[in-house]
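# Architecture and fold: a report
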Number of protein chains: 2
Amino acid sequence: MDIFIEPIGRLINEFSRLPGVGKKTALRYAYRVVDMSEADARAFADAILNVKRKVKYCKTCGGFSEEDECAICKTRDRSVICVVKDPRDVAAIEKLHEFKGVYHVLHGVIDPMEGVGPNDIRIKELLARIGEGGVKEVIVATNPDVSGDATALYLARLIKPLGVPVTRLAHGIPVGSEIEYTDDVTLTRAFVERNPL
Amino acid sequence: MDIFIEPIGRLINEFSRLPGVGKKTALRYAYRVVDMSEADARAFADAILNVKRKVKYCKTCGGFSEEDECAICKTRDRSVICVVKDPRDVAAIEKLHEFKGVYHVLHGVIDPMEGVGPNDIRIKELLARIGEGGVKEVIVATNPDVSGDATALYLARLIKPLGVPVTRLAHGIPVGSEIEYTDDVTLTRAFVERNPL
């Protein structure tokens, strides 16, 4: 005999598929659903289906969008393009309320070990946007790892000859942390990218 | 402008209602759903609705059941009844694969401070089951706190005169822990409930 009746066991399994959720946590979540009102459970289920139904990618930047073109592309300064790897990176930068330009989501980075070449990510779409003119700066915000660095260099080599400046997010000691506990690679980059005072 | 498009923001809100889930975790969960196949998302949503649709309480024991009477009540030894506060406690005990009897879920404990009296929980249903005869032992497995203790004593006073022995789960030092770090109340109970060697 199973410990849980089938509907509860099934919901536990579904919750277990979420990242970082083990059986115990999944069980707590399932019990919460059991305790929900019918209307709340329906709203929850509907929100899940709704995401699959409505979340598309913006035809211009490749970020998450409900419409063909996202609200950011439609309304913001198109002269500065911030290049990111993943649609999720857009939200991470948006929450700063700092950047006023638009994005370009590559949907990946160049990674020969994984068989991902320049043609497998949205580089030609980026070049096409730049080709339309009016772009004053491209900020590359790929992750500071081997493939992120390689992609940034590759983009710089392609775009700089077009007369558009390419910049990259600064790397260095995280604000609030201590030099003593900063890892070697980060500390080295902080030296290399040191700024005049 | 919102950081997230509406369908993703809505799903983050829904996930945030689960116990112990903050905005960051809810965001991770929401992205996982975005990455799911249509079929997986549908299965997830369906499992949520299914729980609300199918989970009822067993007419005999009051535990979770898909049918009028649960599989435990239908198939197990009815001469021993384990009394618990909550339907969730049944699964916690079932996973031991140790107890072979049936359950009785009170759906609460006596708690005058919260206005819960003996008539507000399923005590008369328990007495009715005992009245049908054949019950050889009632094991009270309410939590070891003030209201759990009070409920256990109340039940013992009602049931013992019917000629049915009433026992309670042992309290003491958790297996694997150390006396030095055991809290005072638990250590005191361990003394009071000490056993002959």
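All chains use their own residue numbering, which begins from 1 and follows the written sequence. A letter from A marks each chain and a number from 1 marks each ligand, given out in the order of writing. Owing to the predicted nature of the model, reporting of local features is limited to residues with pLDDT of at least 70; listing and counting of side-chain atom pairs is limited to 80 or more, with chain, interface and lining totals taken over all residues. Only hydrogens and water are removed before side-chain values are computed, so all heavy atoms of the structure are retained for them.

### Overview of the relation of the copies chain A and chain B
- The least-squares superposition of copies is restricted to C-alpha atoms, and to residues with a pLDDT of at least 70 in both copies. Rotating chain A by 180 degrees and moving it 0.0 Å along the rotation axis overlays it on chain B with an RMSD of 0.1 Å. Taken together, these values place the two copies in the relation of a two-fold axis. Relative to the rotation axis, the C-alpha of alanine 45 of chain A is the closest in chain A, positioned 2.2 Å from it.
- Should any heavy atoms of two residues lie within 4.5 Å, those residues are considered in contact. A share of 100% of interface residues in chain A that are also interface residues in chain B marks the association as one of identical surfaces.

### Structural notes on the pattern of salt bridges
- Each reported salt bridge corresponds to a side-chain nitrogen of Lys or Arg within 4 Å of a carboxyl oxygen of Asp or Glu. Considering all chains together, one arrives at 29 salt bridges over all chains under this definition.
- The partner of aspartate 40 of chain A in a salt bridge is arginine 17 of chain B, and the shortest N-O contact between them spans 3.1 Å. Residue aspartate 40 of chain A is located in helix α3 (residues 38-54), and its partner arginine 17 of chain B is located in the loop between α1 (6-16) and α2 (23-35); the two belong to separate chains.
- Here the term buried applies to any residue with accessible area under 20% of the maximum for its type, exposed to any over 50%, and partly exposed to those in between, with areas from a 1.4 Å probe on protein chains only. The partly exposed category is assigned to aspartate 40 of chain A, whose relative accessible area is 27%.
- On the basis of relative accessibility, which here comes to 37%, the residue arginine 17 of chain B falls in the partly exposed class.
- The salt bridge partner of lysine 74 of chain B is glutamate 67 of chain B, with a shortest N-O separation of 2.9 Å.
- For lysine 74 of chain B, a relative accessible area of 47% puts it in the partly exposed group.
- Connected through shared salt-bridge partners, Glu6 and Arg10 of chain A together with Asp46 and Arg53 of chain B make up one network. The helix and strand labels rest on DSSP assignments: H or I over at least four residues marks a helix, E over at least two residues marks a strand, and numbering proceeds from the N terminus.

### A word on the interface of chain A and chain B
- Taken residue by residue, the interface counts 53 residues in chain A and 53 residues in chain B.
- As used here, buried area is the combined drop in accessible area, with a 1.4 Å probe, of two parts when they are placed together. The contact between chain A and chain B buries some 5400 Å² in all, and 68% of this surface belongs to carbon and sulfur atoms.
- Summed over the shared surface of chain A and chain B, the result is six salt bridges.
- Between aspartate 46 of chain A and arginine 10 of chain B there is a salt bridge, with its nearest N and O atoms 2.8 Å apart.
- We call two N or O atoms a polar contact when they sit within 3.5 Å, provided that within protein one can donate a hydrogen and the other can accept it, with sequence-adjacent residues counted only if both atoms are side-chain atoms. Counting the contacts that link chain A with chain B gives 13 residue pairs in polar contact (both at pLDDT 80 or more).
- Those elements that place two or more of their residues in the side of chain A that touches chain B are α1 (6-16), α2 (23-35), α3, β2 (64-65), α4 (71-75) and α5 (87-94) of chain A.
- In terms of residue count, α3 of chain A provides more of the side of chain A that touches chain B than any other element does, 15 residues in total.
- Residues are sorted three ways: Asp, Glu, Lys and Arg are charged, Ala, Val, Leu, Ile, Met, Phe, Trp, Tyr, Cys and Pro are nonpolar, and all the rest, Gly among them, are polar. Of the residues assigned to the side of chain A that touches chain B, the class counts are 29 nonpolar, six polar and 18 charged.

### Observations concerning the confidence of the model for chain A
All names here are of chain A.
- In predicted models, pLDDT denotes the confidence assigned by the predictor to each residue on a 0 to 100 scale. The predicted model of chain A has a mean per-residue pLDDT of 93, with 99% of residues at 70 or higher.
- Element-level mean pLDDT values for chain A span from 85 in helix α8 (residues 184-192) up to 97 in strand β4 (residues 102-105).
- Interface scoring of the predicted complex returns ipTM 0.84; its pTM is 0.83.

### Considerations on unusual backbone geometry
- The phi dihedral of histidine 107 of chain A is positive, around 55 degrees, even though this residue is not glycine.
- Mapped onto the elements of the fold, histidine 107 of chain A is located in the loop between β4 and α6 (123-131).
- By relative accessible area, histidine 107 of chain A is classed as partly exposed at 31%.
- The phi dihedral of histidine 97 of chain B is positive, around 55 degrees, even though this residue is not glycine.
- In this fold, histidine 97 of chain B is placed in the loop between α5 (87-94) and β4 (102-105).

### Examining the sheet that holds strand β5 (residues 137-140) of chain B
All names here are of chain B.
- Read across the open sheet, the four strands follow the order β4-β3-β5-β6; overall the sheet is parallel. Two strands lie at the open edges of the sheet, namely β4 and β6 (166-168), each paired on one side alone. Between one strand axis and the next, the sheet turns by 25 degrees as a mean value, whatever way the strands run.
- Orientation is described by axes fitted as lines to C-alpha atoms, over the contacting stretch for helices, and by angles from 0 to 180 degrees between their N-to-C directions. Most of the contacts of helix α6 (residues 123-131) go to β4, to which it runs at about 150 degrees, and overall it touches β3 (80-84), β4 and β5. The pairing criterion is simple: DSSP has to find at least two bridges between the two strands.

### Some points on the packing of aromatic side chains
- In summary, the pairing rule links any two rings of Phe, Tyr or Trp, Trp by its six-membered ring, whose centres are within 6.5 Å, and it sorts them by plane angle into stacked for under 30 degrees, edge-to-face for over 60 and tilted for everything else. One pass over the structure, following the stated rule, counts 14 aromatic pairs over all chains.
- Look at tyrosine 57 of chain A and phenylalanine 64 of chain A: their rings are 5.9 Å apart centre to centre, the planes differ by 20 degrees, and that puts the pair in the stacked class.
- Looking at tyrosine 57 of chain A, the relative accessible area reads 45%, which means it is partly exposed.
- Given the relative accessible area of 13%, phenylalanine 64 of chain A is considered buried.
- Plain terms: the ring middles of phenylalanine 15 of chain B and tyrosine 29 of chain B are 5.4 Å apart, the flat faces sit at 75 degrees to each other, and that makes the pair edge-to-face. Placement of phenylalanine 15 of chain B in helix α1 and of tyrosine 29 of chain B in helix α2 is noted, with a sequence separation of 14 residues between them.

### Quick look at the sheet that holds strand β3 (residues 80-84) of chain A
Residue and element names in this part refer to chain A.
- Overall, parallel pairing links the four strands, which are arranged β4-β3-β5-β6 in an open sheet. Bordering the open sheet on either side are β4 and β6 (166-168), each of which pairs with just one other strand. Across the sheet, the mean angle from the axis of one strand to that of its neighbour is 25 degrees, orientation sign disregarded.
- As judged from the three bridges shared by strand β5 (residues 137-140) and β6, these two strands associate in the parallel manner.

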